[in-house]
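# Descriptive analysis of the structure
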Amino acid sequence: VELGPKMELSSGMHAVCVTYEAGAIQFEEFPKTKEPAWILGVPYNTISDRQELQNDISSRLWFTYRKNFTPIGGTGPMSDQGWGCMLRCGQMMLGQALVCRHVGRDWRWNSAVYDNDYTKILQLFLDKKDSCYSIHQIAQMGVSEGKSVGQWFGPNTVAQVLKKLALFEDWSSLAIHVAMDNTVIIDDIKKLCRSARQPQVTNPFVCNGVSSDQTSARSRSPLPWQPLMLIIPLRLGLSELNPVYVDCLKACFTLRQSLGMIGGKPNHAHYFIGYVSNSLVYLDPHTTQVSVELEGNVPIPDSTFHCSHPSRMNIQDLDPSIALGFFCLDEADFTDLCDSLRRLIIGKKTHNAMFELVQSRPAHWPPFVLPTRPDGTKTDFTPLDYELEADRQYDSDEEFEIL
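Residues numbered from 1 in each chain as written. Predicted model: local features only at pLDDT ≥ 70, side-chain atom pairs only at ≥ 80, totals over all residues. Heavy atoms only, no water.

Further remarks concern the overall build of the protein chain. Per the secondary structure count, the protein chain includes 9 helices and 17 strands. Across the 403 residues of the protein chain, 55% fall into the buried class. Partitioning the intrachain contacts of the protein chain with sequence separation of at least 6 by distance along the chain shows that 75% fall at a separation of at least 24. (Helix = DSSP H or I, 4+ residues; strand = E, 2+ residues; numbered from the N terminus. Buried < 20%, exposed > 50% of the residue type's maximum accessible area, 1.4 Å probe, protein only. Contact = heavy atoms within 4.5 Å.)

Right, dumping it as structure tokens:
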């Protein structure tokens, strides 16, 4: 189904059916079980907390396929239908990090109430070339990762692209760390987050879409700890998810720092925000909506950026290529995350840990290098040349170490 920017989605918990690129999908009610439903670190009783559960899910940012936006690169695609699902999932995970950063995990969307920080977050993702995290910027930055515009991304590729784009966005001062080789190195992350990042305020735009005069005084001063978005790309099996990782994977959604997970089925990405029993709860980007166009200083019609009806799938149907996400506002938050990971995910009692958590970088690894903005004096992006291939390339298993 194609949704216009002013079309409201139903807010009830009843089943509803919509049509999208793969056909029809049935959204079902949450089962009434004794086990809680976990949504990004928060447990809900599926019997007594159903409205609170619904409000939490509908407050997450939902980025889907869009059409009729300005051509990418000036002459490229005007829609990302059929190839942009993983890019949209990356936007959703990053959007959740920015929500935690600026308005807090407990924030709830209310279409009748104007929220300035929430509006600025949405501006960063609008489908236009001068929004920092737009489909235009993600697709074009993907060229530096070997992906032509119009190619499908895998979890690791979108993580690397978001890491680069975050260097241009000073309002949030977000440090994105992508843990490679199944290893989270504590010293590297502390070095990254403790590095002073002096925002550029000489140009009228700190980041495309968010002007310098909108930036808070707090954001204009170097932070003692840059808020952290930690992304851990993993491959948990060969062609299907190895069942030994199921409990660890579910445990990740119970951590209060959880940003969920991006993954899905082969070449069919979803943003997973929690689980109930053995079913993963996810937001699906495979609905094509009309791009939101703004004229003048008007509120963003935001109803199509929120989904009232999440989908569910059996955890065993998950493709083994995933990327976990976590957000730490400060150093104490990161320390707590490390303690929780040791206890629940990679503790001594867990023989099938999905990744390692180590204090320092292995001696045989090259030294850690802090990422820097390519040009410290400019805040705009350089358009990248690309070629649109008829036959898309897909992320290969070589990007991951098979566990």
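Moving on, we get to the environment of Asp-302. Tracing the sequence through the fold places Asp-302 in the loop between strand S14 (289–290) and strand S15 (311–314). When sequence neighbours within four positions are dropped, the list of residues in contact with Asp-302 reads Trp-109, Tyr-118 and Leu-122.

Of all 5 residues that make up strand S13 (residues 279–283), 5 are buried, and the element is covered over most of its length. Neither face of S13 is left uncovered, since the one carrying Ser-279, Val-281 and Leu-283 and the one carrying Leu-280 and Tyr-282 both have all their residues buried. Both strand S12 (residues 268–276) and S13 contribute to a ladder of 5 bridges, which runs antiparallel. Bridge pairing in S13 places Val-276 opposite Ser-279. (Pairing = 2+ DSSP bridges.)

As a further point, take unusual backbone geometry. We note that Ser-173 has phi near 50 degrees; this positive angle belongs to a residue other than glycine. By the element assignment, Ser-173 lies in the loop between helix H5 (155–165) and strand S6 (175–178). Phi at Asp-181 takes a positive value of approximately 55 degrees, unusual for a residue other than glycine.

The next point concerns the packing of aromatic side chains. What the rule picks out here adds up to 7 aromatic pairs. Look at Phe-125 and Tyr-133: their rings are 5.5 Å apart centre to centre, the planes differ by 35 degrees, and that puts the pair in the tilted class. On the basis of relative accessibility, which here comes to 0%, the residue Tyr-133 falls in the buried class. Among the aromatic residues, those joined into a cluster by ring pairs are Phe-63, Phe-125, Tyr-133 and Phe-305. Seen from the ring of Phe-305, Arg-66 lies directly overhead, with NZ or CZ sitting 4.6 Å from the centre. (Phe/Tyr/Trp six-rings, centres within 6.5 Å; stacked < 30°, edge-to-face > 60°. Lys NZ or Arg CZ within 6 Å of the ring centre and 35° of its normal.)

Now for the nonpolar core. Judged by nonpolar contacts, the single largest core of 68 residues is most densely connected at Leu-94, Tyr-133, Ile-176, Met-229 and Tyr-271. A total of 11 residues in this core trace back to one element, the largest contributor, which is helix H2 (residues 85–102). Leu-234, Ile-322, Cys-338 and Leu-357 belong to the second-largest nonpolar core, a separate cluster that totals 45 residues. (Core = buried A, V, L, I, M, F, W, Y, C linked by side-chain atoms within 4.5 Å.)

Quick look at empty space enclosed by the protein now. Inspection of every chain in the model, using the stated rule, returns 2 cavities of 30 Å³ or more. Quantified by volume, the second largest cavity comes out at close to 50 Å³. Phe-63, Arg-66, Arg-88, Phe-125, Leu-126, Asp-127, Ser-291, Val-292 and Phe-305 are the residues that line the second largest cavity. Tallied by class, residues from the lining of the second largest cavity come to 5 nonpolar, 1 polar and 3 charged. (1 Å grid on protein atoms, 1.4 Å probe; cavity = no way out; pocket = protein on both sides within 12 Å on 5 of 7 lines; lining within 4 Å. Points joined across faces, edges and corners; volume = space filled by probe spheres on them. Nonpolar A, V, L, I, M, F, W, Y, C, P; charged D, E, K, R; others polar.)

The next subject is helix H6 (residues 186–194). Taken together, the buried positions of H6 are Ile-186, Asp-188, Ile-189, Leu-192 and Cys-193. Each buried residue of H6 sits inside an arc of 160 degrees when the element is viewed along its axis, so together they form one side. For H6, the elements touching its buried residues are S6, strand S7 (183–185), strand S10 (228–235), helix H9 (331–345) and strand S17 (356–358). (Arc of directions from axis to C-beta.)

Moving on, we come to the confidence of the model for the protein chain. When pLDDT drops low, the exact placement of atoms in the prediction is not to be read closely. Considering every residue of the protein chain, the mean pLDDT works out to 82; 77% of them sit at 70 or more. Of the regions scoring below 50 in pLDDT, residues 200–206 engages in 23 contacts with residues more than four places distant in sequence or in other chains. Of the regions scoring below 50 in pLDDT, residues 376–403 engages in 79 contacts with residues more than four places distant in sequence or in other chains. (pLDDT = per-residue confidence, 0-100.)

This paragraph deals with the pairing of S10. Each regular strand displays side chains that alternate between the two surfaces of the sheet. Within S10, 8 of the 8 residues are buried, which leaves the element mostly enclosed by the surrounding structure. Across the two faces of S10 the burial is the same, with Leu-228, Leu-230, Ile-232 and Leu-234 and Met-229, Ile-231, Pro-233 and Arg-235 all buried. Of the pairings in the sheet, the one linking S10 to strand S16 (residues 321–328) comprises 8 bridges and is antiparallel in character. Within S16, the position partnered with Pro-233 by the bridge is Ala-323.

With that settled, consider the packing of H6 against H9. For the pair H6 and H9, interaxial distance at closest approach is 12 Å and the crossing angle is 165 degrees. Judged by the inter-axis angle, H6 sits roughly antiparallel to H9. Where H6 crosses over H9, the two elements pack in a sense that is right-handed. Residues Ile-186, Ile-189, Lys-190 and Arg-194 of H6 lie in contact with H9, whose contacting residues are Glu-331, Phe-334, Cys-338 and Arg-342. Considering only residue class, the contact of H6 with H9 consists of 4 nonpolar, no polar and 4 charged. (Axes fitted to C-alpha atoms, helices over the stretch in contact; angles between N-to-C directions. Parallel < 35°, antiparallel > 145°, perpendicular 65-115°, else oblique. Left-handed = near helix turned anticlockwise from the far one by under 90°.)

Another point: helix H3 (residues 116–123). The α-helix advances 3.6 residues per turn, and as a result positions three or four apart in sequence lie on the same side. Buried residues dominate H3, accounting for 6 of its 8 residues. Of the residues flanking the start of H3, the one acting as N-cap is Asp-115, its side-chain oxygen 3.1 Å from the backbone nitrogen of Asp-117. (Polar contact = N/O pair within 3.5 Å; in protein donor to acceptor, adjacent residues only side chain to side chain.)

With that out of the way, let us pick up the side chain of Arg-373. In this fold, Arg-373 is placed in the segment after S17. Among the polar contacts listed, one links the side chain of Arg-373 to the backbone oxygen of Leu-167, at a separation of 2.8 Å.

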